[in-house]
Amino acid sequence: MHELSIAGTILETVEAEAARRPAMRVVKVGVRIGELSGVNAEALQFGFEAMVKGTHLDPLALEIEQVPLRYRCSVCAHLFSAQDDIPRCPLCASPEILLVGGDDLHLAYLEVEDR
């Protein structure tokens, strides 16, 4: 279950940022998970909560944003999310499209407050 490894990496990043700002306390961390990233959001949430519980980071919260697949049409350059299994550009109906998003995994933000 690589979600535990990802949760650990997120917590390492939070710890490093907290060390840089000792007057602040991190209360929430946000991540964006693409549909094709291979990351199970529920497993990540569960692992994260288990790793935080009972530590000095408790009650650090994890907020997960699911990122849909995004395509760009090679003909008209329109950006869009697919509505079908076989996507076509909704503007020009071209099947010549490129996947440009939805396979990502990003730490999006840290929410902090004064100690």
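Residues numbered from 1 in each chain as written. Predicted model: local features only at pLDDT ≥ 70, side-chain atom pairs only at ≥ 80, totals over all residues. Heavy atoms only, no water.

1. Here's the deal with the pairing of strand 2 (residues 61-67)
Moving on, step 1. Sheet topology places strand 1 (residues 24-34) next to strand 2; 7 bridges connect them, and they run parallel. The partner of Gly34 across the bridge, within strand 2, is Val67.
Moving on, step 2. One crossover worth recording links strand 1 to the parallel strand 2 by way of helix 2 (residues 41-52), and it is right-handed. (Pairing = 2+ DSSP bridges. Helix = DSSP H or I, 4+ residues; strand = E, 2+ residues; numbered from the N terminus. Right-handed = clockwise from strand over helix to strand, strands pointing away.)

2. A closer look at the packing of helix 1 (residues 2-20) against helix 2
Moving on, step 1. Packing of helix 1 against helix 2 brings their axes to within 8 Å, and their N-to-C directions diverge by 55°. As judged from the angle between their axes, helix 1 and helix 2 are oblique. Viewed along their axes, helix 1 and helix 2 form a crossing whose handedness is right-handed. Along the contact surface, helix 1 presents Glu3, Leu4, Ile6, Ala7, Gly8, Ile10 and Leu11, while helix 2 presents Ala43, Leu44, Gly47, Phe48, Met51 and Val52.
Moving on, step 2. Residues of the contact of helix 1 with helix 2, tallied by class, amount to 10 nonpolar, 2 polar and 1 charged. (Axes fitted to C-alpha atoms, helices over the stretch in contact; angles between N-to-C directions. Parallel < 35°, antiparallel > 145°, perpendicular 65-115°, else oblique. Left-handed = near helix turned anticlockwise from the far one by under 90°. Contact = heavy atoms within 4.5 Å. Nonpolar A, V, L, I, M, F, W, Y, C, P; charged D, E, K, R; others polar.)

3. Considering the nonpolar core
Moving on, step 1. Ranked by internal contacts, the top residues of the largest apolar core, which has 18 residues, are Ile10, Val14, Leu44, Phe48 and Leu60.
Moving on, step 2. If one sorts the elements of this core by residue count, helix 1 sits on top with 6 residues.
Moving on, step 3. Judged by nonpolar contacts, the second largest core, of 6 residues, contains Tyr71, Cys73, Phe80 and Ile97. (Core = buried A, V, L, I, M, F, W, Y, C linked by side-chain atoms within 4.5 Å. Buried < 20%, exposed > 50% of the residue type's maximum accessible area, 1.4 Å probe, protein only.)

4. Notes on the pattern of salt bridges
Moving on, step 1. A complete count under the given rule lists 5 salt bridges for this structure.
Moving on, step 2. Note that Arg25 is salt-bridged to Glu113, the shortest N-O span being 2.9 Å. Of this pair, Arg25 sits in strand 1 while Glu113 sits in strand 6 (residues 105-114), placing them 88 residues apart in sequence.
Moving on, step 3. When its relative accessible area of 27% is taken as the criterion, Arg25 is described as partly exposed. (Salt bridge = Lys/Arg side-chain N within 4 Å of Asp/Glu carboxyl O.)

5. A short note on a nonpolar patch on the surface
Moving on, step 1. Taken together, the side chains of Leu79, Leu98 and Val100 define a hydrophobic patch exposed on the protein surface, amounting to about 240 Å² of accessible area.
Moving on, step 2. Looking at the element boundaries, Leu79 is found in strand 4 (residues 79-81).
Moving on, step 3. Overall, Leu79 belongs to the partly exposed group, its relative accessible area being 44%. (Patch = residues over 30% accessible without salt bridge, like charges linked within 9 Å, V, L, I, M, F, W, Y side chains within 5 Å. Areas by Shrake-Rupley, 256 points an atom, 1.4 Å probe, with all protein chains shown as cover.)

6. Points about the pairing of strand 1
Moving on, step 1. As paired elements, strand 1 and strand 6 share 9 bridges and run antiparallel to each other. When the bridges of strand 6 are listed, Met24 appears paired with Asp114.

7. Details of helix 1
Moving on, step 1. With 19 residues, helix 1 should reach 27 Å at 1.5 Å per residue; the first-to-last C-alpha distance of 28 Å fits that figure.
Moving on, step 2. Residues of helix 1 that are buried include every one of Glu3, Ile6, Ala7, Gly8, Ile10, Leu11, Val14, Glu17 and Ala18, and no others.
Moving on, step 3. The secondary structure elements touched by the buried residues of helix 1 are strand 1, helix 2 and strand 6. (Expected span 1.5 Å × (residues − 1).)

Keep in mind these values describe shape, not function.
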